[in-house]
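Fold and geometry: a report
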Amino acid sequence: MQTEKPEYVDFAVTARKYKTLLTKKYKNRKQWVNPSPYDIQSIIPGTILSVFVKEGDVVEEGAPLLILEAMKMQNRIEMPFTARIKKIYVEVGVRIPRETLMIELEALDNE
Amino acid sequence: MANSLVFLVETKLLKLHTFAIKVLLLLPTLEQFNWLLRTLSLIKYKFFMTLKKNILALRQKKAIVEKGGGDKAIEKQVAMGKMTARDRILALLDVDSFHEYDLFVEHEERNFGMASKELAGDGVITGTGTINGAPICIYAQDFTVMGGSLGLKHARKITKIMDHALRMKVPCIGINDSGGARIQEGISALAGYGEIFYRNTMSSGVIPQISVILGPCAGGAVYSPALTDFVFVVENISKMFITGPNVIETVLGEKISQEDLGGARVHAEITGNAHFYALSEMECFDQIKELISLIPHSNQQKAVSVEPKEPKSLKNIENIIPADPKQPYDVREVIHALTDDSKFLEIHELWAANIVIGFGRLNGETIGFVANQPMYLAGVLDCDASDKAARFILYCDAFNIPIVTLEDMPGYLPGVDQEHAGVIRHGAKMLYAYSEATVPKITVILRKAYGGGYIAMNSRHLGADFMFAWPGAEIAVMGPEGAANIIFRKEIMEAEDEDAMRQQKVQEYIEKFANPFVAASKGYIDAVIEPSETRELLLHALEVSKNKDDHRPAKKHGIPPF
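Computed from a predicted model, the values in this text were never measured in an experiment.

For the rest of this paragraph, the subject is the overall build of chain B. The helix and strand tally for chain B stands at 22 helices and 16 strands. Counting only C-alpha atoms and orienting by the principal axes, one finds that chain B spans roughly 130 × 65 × 45 Å. Every one of the 562 residues in chain B was classed for burial, and the buried ones make up 44%. The contacts of chain B with a sequence gap of at least 6 include a subset with a gap of at least 24, amounting to 73%.

Following this line, the structure appears as structure tokens:
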């Protein structure tokens, strides 16, 4: 570990920057992204069993959007608030990982 | 006449009986007892011939079982780069010290064609032996016998040797190399696992428990190692996971290799499940031997002390730490400058490298070291570092090992990932562990001790017995830049040159507060010491702490934030 001179980087902890090395785990950590309420993402990896809406539909809050089967459980994904379906990114039979954008919504403009 | 004849016959019989009892003491099995009765009337010559025959039969029987799964399976095991279970035990233990038990245990499963299957030792070798002369209990799963799969009898052999270890108060070492539960035995296999976990928990904190992962260890099997004190892994050989790559791919569609999912390096560096990482099985055995030489063999003992030695002083202790608090260094050099013969056995070397833990000796006695490592992530505390240190502190406390804490840390790691990963409850583990520990607790503040981290790193306020600080120590509520920005906010904002004013105020703060003397004036630090005095003061503090008597309120157990 001491044979080569390590390449230290600047690392900010509060108001001061320290010279140090980064760990593999730190480098691979996930950056936080603020989720948009208009993006319907998968909360668990699984398979799309059915899609109940079409692009352009105006869907009421609580209405079913699609069924995502994961861990032998059929999860009914519901509309979070009344809005229009802007784009559907998935189709029936597709297997998707976690945090995949499935449906994009847009606000109703007549309000 | 008739009476004397009876007497004569009786005397002869008595002599024979005495002889028989003597032999019985040597060979106390039922089979031989029956045979003895049958041969009571036979002459001596024939008696010994038959005994020899029995010994030969035993040797043959043993030789067959000792072959495990047979030559072909052994060939396969070797081709995978693995040693056989028996060779592993022999390589780890002192020469000729291993004694095996339950060699002839057989499984009782009658379904799925198992009735006709003979499994040597039911796939696990158990016994006792010594390491560096110290007695230990050991078991090793034999992958050549039905993939080392765990059935009820296999598990019962393990629980039997575990019970033995707990009663005899000796360390228990388990070598894991198993495909998992023996599916043919159904829930009996699950029962077996459960009985092992229960014993792991009962033994926890009483005897050291060591798990060596030398092959697959998947599904429920992983929880026995997880409950033990130290887990050893070897590159390319150890594989640990709850659900393997096949299941993950079928259920979730994620493709990953066994190595990337749960190989040795992953558990040593990413998950922290493994405490020691080696490149070969022999290196792994050397690590185990070194560890065994350093730890007490039960919670009622002290570690065996050795002849005290001075540090080799590879580097002058005064020159290790840069004066600029922003510059890094390797805190292990400080540990090497303090310990006997400059030796230090590091635990979790790769995982959460921003804190260093391990065992070294001071004046011949084993000491647990906890030290912030400015070389990685500036030595901050985070979820993993707190987790790592807290469990080590619990271990030291359970086994009467004094703890020396070397402190140089700027605070907790900021970030959404940390907050969401629960740095609050993970960080709390460290406060809990230090506060609860009743072994001698000594802290040396080498450089930075800011904010919450200062409290967490075995401060006086958590019950430290001795608090020392080097003259360059900065003990403060936060880093000088941050503090100056808050305290002198108005002055800085109103100044013509904000930066110049900020610099000036930071300097003022450093001079007034970023030193050990404020804390010393309040009695939070017992002594400000020169680096070169550190070892002598540690030796003295440990000497004074020898009969430390500290009590906790009576309780069943506390509720640590795990």
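Turning to the sheet that holds strand β7 (residues 73–78) of chain A, a few remarks are in order. Two orientations exist for strands paired in a sheet by backbone hydrogen bonds: parallel and antiparallel. Residues and elements named next belong to chain A. Across the sheet, which stays open at both edges, the 4 strands sit in the order β7-β6-β4-β9 with antiparallel pairing between neighbours. Each end of this open sheet is capped by a strand with a single partner; those strands are β7 and β9 (95–96). As defined by bridge partners, strand β4 (residues 46–51) adjoins β9 across 2 bridges and the pair is classed as antiparallel. Note on β9: the bridge partner recorded for Gly 46 is Ile 96.

Taken together, the 26 residues of chain B in the interface contact 23 residues of chain A. At the level of elements, α9 (245–252), α11 (264–271), α15 (416–421) and α18 (480–487) of chain B are the ones that each hand at least two residues to the side of chain B that touches chain A. The residue makeup of the side of chain B that touches chain A, split by class, is 15 nonpolar, 6 polar and 5 charged.

Further remarks concern the nonpolar core. Core analysis: the biggest nonpolar cluster contains 138 residues, and Val 212, Phe 232, Val 233, Ile 288, Val 370, Ala 389 and Ile 393 of chain B have the highest contact counts within it. Among the elements that take part in this core, helix α14 (residues 383–398) of chain B stands out by supplying 9 residues, more than any other. In this structure, Val 59, Leu 65, Met 79 and Leu 105 of chain A belong to the second largest nonpolar core, which totals 11 residues.

Right, let's talk about the pairing of strand β12 (residues 403–409) of chain B for a bit. Residues and elements named next belong to chain B. Of all 7 residues in β12, 7 are buried, a share of seventy percent or more. Two strands pair when backbone bridges link them, and strand β11 (residues 365–372) and β12 are joined in this way by 4 bridges, in the parallel orientation. Paired with Gly 368 across the two strands is Ile 403, which belongs to β12. Viewed along the sheet, the connection from β11 through α14 into β12 turns out right-handed. Relative to strand β13 (residues 441–450), β12 runs parallel, the two sharing 6 bridges. Along β13, the bridge assignment pairs Val 404 with Ile 442.

This part is about helix α7 (residues 187–203) of chain B. A turn of α-helix holds 3.6 residues, and therefore any two residues three or four places apart point the same way. Residues and elements named next belong to chain B. In a regular helix each residue adds 1.5 Å, so 17 residues correspond to 24 Å; α7 covers 24 Å between its end C-alpha atoms and thus fits that length. Where the residues of α7 are buried, they touch α6 (152–168), β4 (172–178), β5 (209–218) and α8 (223–227). Gly 205, located one to two residues past α7, shows a positive phi value of around 80°.

Residue and element names in this part refer to chain A. Here Ser 36 shows up in the loop between α1 (24–27) and β3 (39–41). Residue Ser 36 is classed as exposed on the basis of its C-beta count, with 11 C-beta atoms lying within 10 Å. C-alpha of Ser 36 to C-alpha of Glu 104: the two residues are 68 residues apart in sequence and 9.6 Å apart in space.

Attention now moves to the domain arrangement of chain B. When its domains are assigned, chain B resolves into domain 1 (24–66), domain 2 (82–294), domain 3 (321–477 + 514–542) and domain 4 (480–513). Taking only C-alpha atoms into account, the centre of domain 2 of chain B sits 59 Å from that of domain 4 of chain B.

With that out of the way, let us pick up the sheet that holds strand β8 (residues 83–88) of chain A. All names here are of chain A. Strands sit in the order β3-β10-β8-β5 across an open sheet of 4 strands; the sheet is antiparallel. Edge positions in the sheet fall to β3 and β5 (58–59), since each of these pairs with one other strand and no more. Judged from the 4 bridges that link them, β8 and strand β10 (residues 101–106) form a sheet pairing that is antiparallel. For Lys 87, the partnering residue across the bridge sits in β10 and is Glu 104.

This part covers the packing of α6 of chain B against α7 of chain B. Residues and elements named next belong to chain B. Here α6 crosses α7 at 10°, and the two axes come no closer than 8 Å. In terms of orientation, α6 and α7 fall into the roughly parallel class. Along the contact surface, α6 presents Leu 152, His 154, Ala 155, Ile 158, Thr 159, Met 162, Asp 163, Ala 165 and Leu 166, while α7 presents Ser 188, Ala 189, Ala 191, Gly 192, Tyr 193, Glu 195, Ile 196, Arg 199, Met 202 and Ser 203. Grouping the amino acids of the contact of α6 with α7 by side-chain chemistry returns 11 nonpolar, 5 polar and 3 charged.

Our focus in this paragraph is the confidence of the model for chain B. Looking at chain B, pLDDT values average 91 and 91% of them are 70 or higher. Scored by ipTM, the complex comes to 0.78, with pTM at 0.87.

Residue and element names in this part refer to chain B. Located in the positive-phi region is Ser 342, a residue other than glycine, with phi close to 55°. Within the secondary structure layout, Ser 342 lies in the loop between α13 (331–338) and β9 (344–347). Despite not being glycine, Ala 378 shows a phi value in the positive range, around 60°. Within the element layout of this structure, Ala 378 appears in the loop between β11 and α14. Judged by C-beta crowding, with 30 C-beta atoms within 10 Å, Ala 378 ranks as buried.

Helix-helix packing: each pair is described by the crossing angle between the helix axes and the interaxial distance. All names here are of chain B. With their axes 8 Å apart at the nearest point, α14 and helix α16 (residues 423–436) run at an angle of 25° to one another. Compared by their axis directions, α14 and α16 come out roughly parallel. Crossing geometry of α14 relative to α16 is assigned as left-handed. Only Val 423, His 426, Gly 427, Lys 429, Met 430, Tyr 432, Ala 433, Tyr 434 and Glu 436 of α16 make contact with α14, whose side of the interface consists of Cys 383, Ser 386, Asp 387, Ala 389, Ala 390, Ile 393, Leu 394 and Asp 397. Residues that form the contact of α14 with α16 fall into these classes: 10 nonpolar, 3 polar and 4 charged.

Rules used in this analysis
Residues numbered from 1 in each chain as written. Chains lettered and ligands numbered in written order. Predicted model: local features only at pLDDT ≥ 70, side-chain atom pairs only at ≥ 80, totals over all residues. Helix = DSSP H or I, 4+ residues; strand = E, 2+ residues; numbered from the N terminus. Buried ≥ 20, exposed ≤ 12 C-beta atoms within 10 Å, placed from the backbone. Contact = placed C-beta atoms within 7 Å. Pairing = 2+ DSSP bridges. Nonpolar A, V, L, I, M, F, W, Y, C, P; charged D, E, K, R; others polar. Core = buried A, V, L, I, M, F, W, Y, C linked by C-beta atoms within 7 Å. Right-handed = clockwise from strand over helix to strand, strands pointing away. Expected span 1.5 Å × (residues − 1). Domains from an automatic or database assignment. Axes fitted to C-alpha atoms, helices over the stretch in contact; angles between N-to-C directions. Parallel < 35°, antiparallel > 145°, perpendicular 65-115°, else oblique. pLDDT = per-residue confidence, 0-100. Left-handed = near helix turned anticlockwise from the far one by under 90°.

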